[in-house]
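Residue-level listing of the chains:
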Amino acid sequence: MKPSPTTARPLPARELVRPGPRPEAPAVLYCFPHAGGAASAYRPWPAALPDRIEVVAVQLPGREHRIAEPPCVDPALIADAVRADVAAHGSRPYALFGHSMGALVAFEVARILSADDRLTGPALLAVSGMEHPGSGRPRPALSGLPDAELLAWVAGLGGSPAEALADPQLLEILLPVLRADLAWLEGYVPRPAPPLACPLSVFAGERDDRVALPGLEAWAGETRRTATVRRYPSGHFYPAEQLRLVCRDLADDLADALDTREAAR
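Residues numbered from 1 in each chain as written. Predicted model: local features only at pLDDT ≥ 70, side-chain atom pairs only at ≥ 80, totals over all residues. Heavy atoms only, no water.

Asker: Help me understand the overall build of the chain in this model?
Answerer: A tally of helices and strands in the chain yields nine helices and seven strands. Counting the 265 residues in the chain, one finds 48% classified as buried. Of the contacts formed within the chain by residues at least 6 apart in sequence, a portion of 81% connects residues at least 24 apart. Split by element, the accessible area of the chain, about 12,800 Å² in all, is 57% carbon and sulfur. In the chain, which carries 27 positive and 32 negative side-chain charges, the distance between the mean positions of the two groups comes to 5 Å. (Helix = DSSP H or I, 4+ residues; strand = E, 2+ residues; numbered from the N terminus. Buried < 20%, exposed > 50% of the residue type's maximum accessible area, 1.4 Å probe, protein only. Contact = heavy atoms within 4.5 Å. Areas by Shrake-Rupley, 256 points an atom, 1.4 Å probe, with all protein chains shown as cover. Lys, Arg positive; Asp, Glu negative; His and termini not counted. Charge placed at Lys NZ, Arg CZ, Asp CG, Glu CD.)

Here is the structure:
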């Protein structure tokens, strides 16, 4: 019996969410969340990006539709999901964007996929709100803080509504996820690897005191191509206030990267 069109379609990977599906778009942007964040952070992005880019948000375990799973961060498993998604959707060129913790996850995924002979590596890596991990600035030990101190730190970042931080039911869900993400960050040490073959775009808020310009510029050492640093007039969660400008710059960088790749063929 011939399968129906419904049953013939592959089930969507639980690791990936398409907030505004664009199956005909010629390029894909895989987006990685900040510590404690979820795929829903990228829900507004399709409306701010041109139709030629499809947004695919990475959903880590322990949040939203994966709430029943223990929280963890595993770049190898995420790379597997991205690899399978690229192959399942026609091997379109793709870029990776990660904010804060997500920048380091995207960086590791870019390295894994770039070393994989089964597919073409990313056309662009975009890292946001995160200094290069070898910049020398120590990361504060946050994952073991008492709840009140950890919540005060979160509030200081400005990314969570005050009502969410005061809701005991939401905190029961948020805090274990946040602690797991921060523990991964605290233990993260980049392994030696060759520079990437794709360009890098580096984004940050001008008023984000957790990142300094030298640490942003240090990302240039991770690519054989160009690295562009841009800062926007806001704090750590600058994309929420500057989304259209950020998406315009990101789309332009991806278009330039794809043009350069095509010209080199």
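Next comes the rest of the account.
Asker: Honestly, the environment of threonine 260 in this entry has me stumped. Any pointers?
Answerer: Note on placement: threonine 260 falls in helix α9 (residues 238-264). Assessed through its relative accessible area of 40%, threonine 260 is described here as partly exposed. For the pair threonine 260 and aspartate 209, spaced 51 residues apart in the sequence, the C-alpha separation amounts to 34 Å.

Asker: Would you explain the sheet that holds strand β1 (residues 16-17) in this entry?
Answerer: Adjacent strands of a sheet pair through backbone hydrogen bonds, lying either parallel or antiparallel. Strand order in this open sheet of seven strands is β1-β3-β2-β4-β5-β6-β7, and the pairing throughout is mixed. Looking at which strands have only one partner, the edges of the open sheet turn out to be β1 and β7 (227-232). Bridge count for strand β5 (residues 124-128) against strand β6 (residues 200-205) is four bridges, and the pairing is parallel. Bridge pairing links serine 128 to phenylalanine 203 in β6. Lying on the sheet, helix α3 (residues 75-88) is in contact with β1, β2 (27-32), β3 (53-58) and β4 (94-99); it crosses β2 at an angle near 165 degrees. (Pairing = 2+ DSSP bridges. Axes fitted to C-alpha atoms, helices over the stretch in contact; angles between N-to-C directions.)

Asker: Explain the nonpolar core here, please?
Answerer: The tendency in soluble globular proteins is for nonpolar side chains to be buried side by side. In this structure, Tyr30, Phe32, Leu96 and Leu125 are the most contacted members of the largest nonpolar core, which totals 49 residues. Here the element with the most residues in this core is helix α4 (residues 101-114); it accounts for nine residues. Aside from chain neighbours lying at most four places away, what touches tyrosine 30 is Leu16, Val56, Val82, Asp85, Val86, Tyr94, Ala95, Leu96 and Phe97. (Core = buried A, V, L, I, M, F, W, Y, C linked by side-chain atoms within 4.5 Å.)

Asker: What's the story with the packing of aromatic side chains in this structure? I'm lost.
Answerer: Two measures describe an aromatic ring pair: the distance that separates the ring centres and the angle between the ring planes. One pass over the full model with this rule turns up nine aromatic pairs. Seen from their ring centres, tyrosine 30 and tyrosine 94 are 6.0 Å apart, and the 80 degrees between their planes marks the pair as edge-to-face. Highlighted residues: tyrosine 30 in strand β2 and tyrosine 94 in strand β4, separated in sequence by 64 residues. The exposure class of tyrosine 30 is buried, given its relative accessible area of 1%. With a centroid separation of 6.2 Å and 85 degrees between ring planes, the pair formed by tyrosine 42 and phenylalanine 97 is classed as edge-to-face. One end of the pair, tyrosine 42, is in the loop between β2 and α2 (45-48); the other, phenylalanine 97, is in strand β4, and 55 residues separate them in sequence. Judged by its relative accessible area of 4%, tyrosine 42 is buried. Residue classification places phenylalanine 97 among the buried positions, given a relative accessible area of 1%. (Phe/Tyr/Trp six-rings, centres within 6.5 Å; stacked < 30°, edge-to-face > 60°.)

Asker: Would you mind going over the packing of α4 against helix α7 (residues 168-187) with me for this structure?
Answerer: For any two helices packed against each other, one specifies the crossing angle of their axes together with the interaxial distance. Contact geometry for α4 and α7: axes closest at 11 Å, N-to-C directions at 60 degrees. Between α4 and α7, the interaxial angle falls into the category oblique. As α4 runs across α7, the sense of the crossing is left-handed. Across the interface between the two elements, Met101, Leu104 and Val105 from α4 touch Asp181, Trp184 and Leu185 from α7. (Parallel < 35°, antiparallel > 145°, perpendicular 65-115°, else oblique. Left-handed = near helix turned anticlockwise from the far one by under 90°.)

Asker: I'm lost on the pattern of salt bridges in this one. Help?
Answerer: Opposite charge on two side chains allows them to pair when their charged atoms are near. Counted under the stated rule, the structure contains 19 salt bridges. A salt bridge links aspartate 51 to arginine 22, with the shortest nitrogen-to-oxygen separation between them at 3.6 Å. Taken together, the positions of aspartate 51 in the loop between α2 and β3 and arginine 22 in the loop between β1 and β2 put the pair 29 residues apart, joining distant regions of the chain. Aspartate 51 gets classed as exposed once you look at its relative accessible area, which sits at 62%. Assessed through its relative accessible area of 16%, arginine 22 is described here as buried. Between arginine 63 and aspartate 181 there is a salt bridge whose closest N-O contact spans 2.9 Å. Taken together, the positions of arginine 63 in the loop between β3 and α3 and aspartate 181 in helix α7 put the pair 118 residues apart, joining distant regions of the chain. The exposure class assigned to aspartate 181 is buried, which follows from its relative accessible area of 0%. Beyond isolated ion pairs, a larger network of salt bridges with shared partners links Arg14, Glu15, Arg66 and Glu69. (Salt bridge = Lys/Arg side-chain N within 4 Å of Asp/Glu carboxyl O.)

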